[in-house]
Amino acid sequence: MTELKEVITDSASVSQDDIPSLHQQDNVLLGKLGYKSEFKREFSLLETISFSMSILAVSCGITTGYSYPLLSGGHFAMVWAWFIACIFITCVAASMAELASSMPTSAGLYYFSAKMASKERSALASWITGWSNITGQVTLICSINFSCTELITTAIAMGTDGRVVLGSGATFGILMAIHLSQSILCSAGTRILARMTIVTLVLILTTTIGAIVSLLVCAGDQRASSKDAWTKFENNTGWSNNVWAFILAFTSPMWSLTGYDSAAHIAEETAGAARAAPIAILVGVVATEILGWLYYIAASYATSSVPDIMQSKLALPLGQVFLNVLGKKGALILWCSITFLCGCSQAVDASRVIFAFSRDNALPGSRWWKRINHTTQTPVNAVWFAMILSAICGTLVFSTTAFNSLASASVIGLYISYVTPIYCRVTWGKNKLQPGPFNLGWWSFPIGWIGIVWVAFMVVMLLFPYTQTANVQTMNYSVVIVMAVFIFAAGSWVFSARHWFTGPIPNIDVQSVSSSYSEKPDDREK
């Protein structure tokens, strides 16, 4: 154990006395997982929770996702689609938290898959998880930033009483400006990024609570009756089956409640990661679920007429609800574009995934993306690579279905990467997990299977167009994005990667860490 501590300390180029005791324990645990410490551990428990919640960003998710339940059932879908979906999403989050507690490394999900899968399937499970997660991470940056762009264009339209409505060219320019500014900001050191998450959390809580109270109190005579707010169903999707139309409303909570794996991906920058990561995942998800449900209830009461809101010319329909209830000044005050900071957090998360996957030489150009900047001690190259890929996805802004396609693609990619290690855990890895501070015990298996079945159903649903009579303008193009990545990743595996990719590669040469922390001795022999 002493030898391991010395190797880890030398790799960080600092003296043992300069490292707090908790950080030393973190680094020793990381060494057992096979990696040396390369980051400064400057994320506290509060900042890790803030980081998770800043990506979940409930106020941004509801603001941009409101159109889904509006079309897919009106008032009834606003209230109950979110509530029902949250039950199953919590199962996925709990299973992920258990894995993150056992294996706190930035490699995160694809590392979990490799260690939970059987020896024969370990590399393939890791490959599938890694590419799915990167697909989701990159497209989520773009969809968040596209939401930020829509918030800005909607605010301009509200502020000018509809006289200024920006076209696709101006919208694309704003989107690229957001990407550029975020790239610069996310290249900062860990301490700055950690403090930024606190600011984001304060803004999220302030705007969310302010919006909930304002919509409920200021609606006045425009407020819908309690009966309508909770039970009135209006199908405006074009699908004749009302049950299927309601199911499509699950798109909103599925998109809003993504990115909570972020706490696992910054584990190597977190103090007490084995405890902080699972707490951040669960607190972030549950808090967002509760606040999101209250927000949708308030929005349902404030929506006096679903058909009238659907006729709005604003890019985001909820903007019309704010305008009707609060007036122009009040609406603009609450129409705070904190989605920008949400996008920053997501960019940081994506860069850590790219860094970790590149550390195991799994991406083209890995030697560039795994480099740590000597000044900031962060993977700056990976940040810019993630943002460039996201900007390329941003060219879809010229399509009216861009947001729907990007949102669906990000959800599909992320949730496949979420449940792959969970599936490995409940099948091949039944006896392989060495429990961390957070452990589900016997409940791990039923909870895991519930999450797996839910995600399998949701992935199929998210590939469907939002109307029954789809055409070039209304088609769901997420299948194009997902299949393009799948074909590339599958082709790479068949013709190349299966011959050299073995999964996570330890970068510490210490005898005591030759076996994985996540495996029990009797399982390594099988």
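Quick look at the structure, then. In this text, all values refer to a predicted model and were calculated from it rather than measured experimentally.

**Brief notes about the packing of aromatic side chains**
Then step 1. In the structure shown here, the tally under the stated rule is 34 aromatic pairs.
Then step 2. Each ring, one from tryptophan 80 and one from phenylalanine 83, has its centre 5.7 Å from the other, and the planes form 85 degrees; the classification is edge-to-face. In this pair, tryptophan 80 and phenylalanine 83 are both assigned in helix H6 (residues 75-102), three residues apart and thus about one turn of the helix distant.
Then step 3. The interplanar angle of 70 degrees and the centroid separation of 4.7 Å between the aromatic rings of tyrosine 110 and phenylalanine 357 together place this pair among those described as edge-to-face. With tyrosine 110 in helix H7 (residues 108-116) and phenylalanine 357 in helix H18 (residues 339-359), the pair connects residues that are 247 residues apart, well separated along the chain. Residue tyrosine 110 shares its accessibility class with phenylalanine 357, and that shared class is buried.
Then step 4. By way of ring pairs, the aromatic residues Tyr110, Trp127, Trp131, Phe357, Phe488, Trp493, Trp500 and Phe501 are connected into one cluster.
Then step 5. Taking NZ or CZ as reference, arginine 359 lies 3.8 Å from the ring centre of tyrosine 35, over its face.

**Quick notes on a nonpolar patch on the surface**
Then step 1. On the surface, a cluster of nonpolar side chains totalling about 490 Å² of accessible area is made up of Leu180, Ile184, Trp384, Ile388 and Ile392.
Then step 2. Listing elements by their share of the nonpolar patch, those giving two or more residues are helix H9 (168-185) and helix H20 (380-393).
Then step 3. A total of three residues in the nonpolar patch trace back to one element, the largest contributor, which is H20.
Then step 4. Residue leucine 180 is classed as partly exposed on the basis of its relative accessible area, which comes to 48%.

**Here's the deal with the packing of helix H3 (residues 45-56) against helix H10 (residues 190-218)**
Then step 1. Relative orientation of the contacting elements H3 and H10 amounts to 60 degrees, with a least axis distance of 8 Å. As the angle between them shows, H3 and H10 are arranged oblique. The crossing of H3 and H10 is left-handed. Each of Leu46, Glu47, Ser50, Phe51, Met53 and Ser54 in H3 lies in contact with H10, whose residues at this interface are Ala194, Arg195, Thr197, Ile198, Thr200, Leu201 and Ile204.
Then step 2. Residue composition of the contact of H3 with H10, by class: seven nonpolar, four polar and two charged.

Calculation criteria
Residues numbered from 1 in each chain as written. Predicted model: local features only at pLDDT ≥ 70, side-chain atom pairs only at ≥ 80, totals over all residues. Heavy atoms only, no water. Phe/Tyr/Trp six-rings, centres within 6.5 Å; stacked < 30°, edge-to-face > 60°. Helix = DSSP H or I, 4+ residues; strand = E, 2+ residues; numbered from the N terminus. Buried < 20%, exposed > 50% of the residue type's maximum accessible area, 1.4 Å probe, protein only. Lys NZ or Arg CZ within 6 Å of the ring centre and 35° of its normal. Patch = residues over 30% accessible without salt bridge, like charges linked within 9 Å, V, L, I, M, F, W, Y side chains within 5 Å. Areas by Shrake-Rupley, 256 points an atom, 1.4 Å probe, with all protein chains shown as cover. Salt bridge = Lys/Arg side-chain N within 4 Å of Asp/Glu carboxyl O. Axes fitted to C-alpha atoms, helices over the stretch in contact; angles between N-to-C directions. Parallel < 35°, antiparallel > 145°, perpendicular 65-115°, else oblique. Left-handed = near helix turned anticlockwise from the far one by under 90°. Contact = heavy atoms within 4.5 Å. Nonpolar A, V, L, I, M, F, W, Y, C, P; charged D, E, K, R; others polar.

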